[in-house]
Amino acid sequence: QVQLVESGGGLVQPGGSLRLSCAASGTIFSLRTMAWYRQAPEKERELVAYITNQRRTIYYVESVKGRFTISRDNAKKTVYLQMNSLSPEDTAVYYCNERPALSSWGQGTQVTVSS
């Protein structure tokens, strides 16, 4: 069974940075496209970014382009999301998952951007 454990969230002021990590187990991580998603209060979960298994394709939703960077370490079975220039609109619970997403999700990590 695939397990995904997100970490690295927290409270940060506007303009600040955070680095999220997601450790995967129970999957052949190196073969999977991995993605970050987020869900803000009272909103649908949305795809934020994804990275293919050999990093040949990286996608960002328009609202985070130039501010967020997705990366992965296949040896550590970990995917990262470096988030810079954070704004209150980035406040959400952030989840990692494969793309397409598996039916089960981790607990996510809360990111709150507020002064």
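Predicted model, so just to flag it, every value in this text is computed and none were measured.

Caption draft 1: Representation of the overall build of the chain within the structure. Broken down by element type, the chain carries 0 helices and 10 strands. The helix and strand sequence of the chain, counted from the amino end, reads β-β-β-β-β-β-β-β-β-β. Relative to its length of 115 residues, the chain is compact, with a C-alpha radius of gyration of 13 Å against a globular reference of 13 Å. A total of about 6200 Å² of accessible surface is found on the chain, and carbon and sulfur atoms cover 47% of it.

Caption draft 2: The arrangement of the environment of Lys77 in detail. You can see Lys77 is positioned in the loop between β7 (68-73) and β8 (78-83). Measuring from C-alpha to C-alpha, the distance between Lys77 and Ser30 comes to 7.3 Å, with 47 residues separating the pair along the chain. Ignoring sequence-local partners within four residues, the contact set of Lys77 consists of Cys22, Ala23, Ala24, Thr27 and Phe29.

Caption draft 3: Quick look at the side chain of Thr78. Assignment of secondary structure puts Thr78 in strand β8. Note on Thr78: relative accessible area 10%, which makes it buried. At 2.9 Å, the side chain of Thr78 forms a polar contact with the backbone oxygen of Lys76. Dropping the residues within four chain positions of it, Thr78 is found in contact with Ser21, Cys22, Ala23, Phe29, Ser71, Arg72 and Asp73.

Caption draft 4: The arrangement of the nonpolar core in detail. With 27 residues, the main nonpolar core has Trp36, Val79, Leu81, Met83 and Tyr94 as its most contacted residues. When residues of this core are traced back to their parent elements, those giving at least two are β3 (18-25), β4 (34-39), β5 (46-51), β7, β8, β9 (92-98) and β10 (109-113). Broken down by element, this core gets its largest block of residues, 4 residues, from β3. Not counting the four nearest positions on each side in its chain, Tyr94 is found in contact with Glu6, Leu20, Trp36, Tyr37, Arg38, Val48, Phe68, Leu81, Met83, Gly108, Thr109 and Val111.

Caption draft 5: Representation of the pairing of β4 within the structure. Counting buried positions along β4 gives 5 out of 6 residues, so the element sits mostly inside the fold. In this structure, β4 lies alongside β5, joined through 5 bridges in antiparallel fashion. For Trp36, the partnering residue across the bridge sits in β5 and is Ala49. Linking two consecutive strands that pair antiparallel, namely β4 and β5, is a turn of 6 residues; a positive phi of about 65° is found at Glu42 within it.

Caption draft 6: Here's a closer look at the layout of surface pockets. Approximately 170 Å³ is the volume attributed to the largest pocket. Lining the largest pocket are 13 residues, with Arg38, Ala40, Lys43, Glu46 and Glu89 positioned closest to its centre. By residue class, the composition of the lining of the largest pocket is 2 nonpolar, 4 polar and 7 charged.

Conventions we followed
- Residues numbered from 1 in each chain as written.
- Predicted model: local features only at pLDDT ≥ 70, side-chain atom pairs only at ≥ 80, totals over all residues.
- Heavy atoms only, no water.
- Helix = DSSP H or I, 4+ residues; strand = E, 2+ residues; numbered from the N terminus.
- Rg over C-alpha atoms; globule rule 2.2 N^0.38 Å.
- Areas by Shrake-Rupley, 256 points an atom, 1.4 Å probe, with all protein chains shown as cover.
- Contact = heavy atoms within 4.5 Å.
- Buried < 20%, exposed > 50% of the residue type's maximum accessible area, 1.4 Å probe, protein only.
- Polar contact = N/O pair within 3.5 Å; in protein donor to acceptor, adjacent residues only side chain to side chain.
- Core = buried A, V, L, I, M, F, W, Y, C linked by side-chain atoms within 4.5 Å.
- Pairing = 2+ DSSP bridges.
- 1 Å grid on protein atoms, 1.4 Å probe; cavity = no way out; pocket = protein on both sides within 12 Å on 5 of 7 lines; lining within 4 Å.
- Points joined across faces, edges and corners; volume = space filled by probe spheres on them.
- Nonpolar A, V, L, I, M, F, W, Y, C, P; charged D, E, K, R; others polar.

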